[in-house]
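Structure assessment
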Amino acid sequence: MAKKQAPEFNDIEINIPSDLVFERVVRESAVVVAKHLGFSEERVADLQLAVSEAVTNAIEHGNNCDVSIKVGVKFFISSDQLAVQVTDKGKWDASSTALNDVPLELDMEDRLEQDLTRGMGMFLIQKLVDNVELRSNEEGTEFTMWFNIERGPNNISNLNIAMKGPDFL
Amino acid sequence: MALKIDQGNDVTIIHIQNDSVDAVSAREIAGVSDQMQGNTILDFGSVLFINSAGISALLKLVIEARKRGRKLYAVNVTAHHRKVFEMVDMLRYMPIAKMEDLLPLIKA
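Because the structure is predicted, anything quoted here is derived from the model rather than measured.

As a further point, take the overall build of chain A. Within chain A one finds five helices and six strands. For chain A, with 169 residues in total, the buried portion stands at 49%. A total of about 8500 Å² of accessible surface is found on chain A, and carbon and sulfur atoms cover 48% of it.

Here is the structure:
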């Protein structure tokens, strides 16, 4: 199969106030980008959800819903990958272990018994994306998700949690 | 109001009329738990997007139904939303059904 021609543009940047209503702006932008890149309907929906989860985390946990602080979102596009980078001003205390601690499956019975209804965002992201990277320091957090443009349906076996520096596109 | 609630004989049908079940709409959705009488049917026919904050609101309805020994059903669910519900093991607690299959429940 011939490789998809890289688009003429290679990055898009959006900055939103840390108000959850503006998460919708980013997720709809993600849909436009994914459709433009020829993602299948299923992958568009996966991307939309993963971006929504990452931006919601950044707004709620990174910037504590402080509307004076922006969440930054960048879409980096290459011929075979789309990367979405979400930045906020929060700090993950244990970024080196945070991603590795995300469970592969949820014990919903246990969660319901504990009335634990939140905290599923990272779990969903790891199910939906091809690769993720988390960098965090005193200045903020940078969370990057990679989506292979050509990818088999429902194939999550190629998930690789990268903790090293990004080899950016 | 993004929710339309129909009360029947020992059954409640909640039509979610907002296209997004997310952090913004979650509070309103979770807030209808005290209006759930009998078994409850959630109609997702107008819903285009669901994220984990929205699922959190739905889980609050699941918890309330369980406390009352009642059942919660979902109808008009898209394939992608079904996939997401499966990922978080939601379907054990909120099975997806066809509205016509639930008619006996409504007419009982």
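There is more to say, and it comes next.
In terms of nonpolar packing, the biggest core is built from 77 residues, with Leu82(A), Val84(A), Met145(A) and Phe44(B) touching the most fellow members. For Phe44(B), the contacting residues outside a window of four places in its chain are Ile16(B), Ile50(B), Leu58(B), Ala74(B), Val75(B), Asn76(B), Val77(B), Phe85(B) and Met94(B). The next biggest cluster of nonpolar side chains, apart from the first, holds seven residues, and it includes Val11(B), Tyr73(B), Val75(B) and Leu102(B).

This next bit is on the confidence of the model for chain B. Across chain B, the average pLDDT comes to 92, with 97% of residues at or above 70. Confidence, read as mean pLDDT per element, is least for helix α4 (residues 103–107) of chain B in chain B (78) and greatest for strand β5 (residues 49–50) of chain B (98).

In this section: the packing of helix α1 (residues 23–36) of chain A against helix α2 (residues 41–62) of chain A. Residues and elements named next belong to chain A. Their axes nearest at 9 Å, the elements α1 and α2 cross at an angle of 150°. Accordingly, the angle class assigned to the pair α1 and α2 is roughly antiparallel. Crossing hand, α1 versus α2: right-handed. Here Glu23, Val26, Arg27, Glu28, Ala30, Val31, Ala34 and Lys35 of α1 lie close against α2, whose contacting residues are Val44, Leu47, Gln48, Val51, Ser52, Val55, Thr56 and Ile59. Residues of the contact of α1 with α2, tallied by class, amount to nine nonpolar, three polar and four charged.

So, about unusual backbone geometry. Residue and element names in this part refer to chain B. Even without glycine at this site, Asp10 takes up a positive phi of about 65°. You can see Asp10 is positioned in the loop between β1 (3–7) and β2 (11–16). By relative accessible area, Asp10 is classed as partly exposed at 39%. One non-glycine residue, Asn76, lies in the positive phi region at around 60°. Considering the arrangement of structural elements, one finds Asn76 in the loop between β6 (72–75) and α3 (79–87).

Calculation criteria
Residues numbered from 1 in each chain as written. Chains lettered and ligands numbered in written order. Predicted model: local features only at pLDDT ≥ 70, side-chain atom pairs only at ≥ 80, totals over all residues. Heavy atoms only, no water. Helix = DSSP H or I, 4+ residues; strand = E, 2+ residues; numbered from the N terminus. Buried < 20%, exposed > 50% of the residue type's maximum accessible area, 1.4 Å probe, protein only. Areas by Shrake-Rupley, 256 points an atom, 1.4 Å probe, with all protein chains shown as cover. Core = buried A, V, L, I, M, F, W, Y, C linked by side-chain atoms within 4.5 Å. Contact = heavy atoms within 4.5 Å. pLDDT = per-residue confidence, 0-100. Axes fitted to C-alpha atoms, helices over the stretch in contact; angles between N-to-C directions. Parallel < 35°, antiparallel > 145°, perpendicular 65-115°, else oblique. Left-handed = near helix turned anticlockwise from the far one by under 90°. Nonpolar A, V, L, I, M, F, W, Y, C, P; charged D, E, K, R; others polar.

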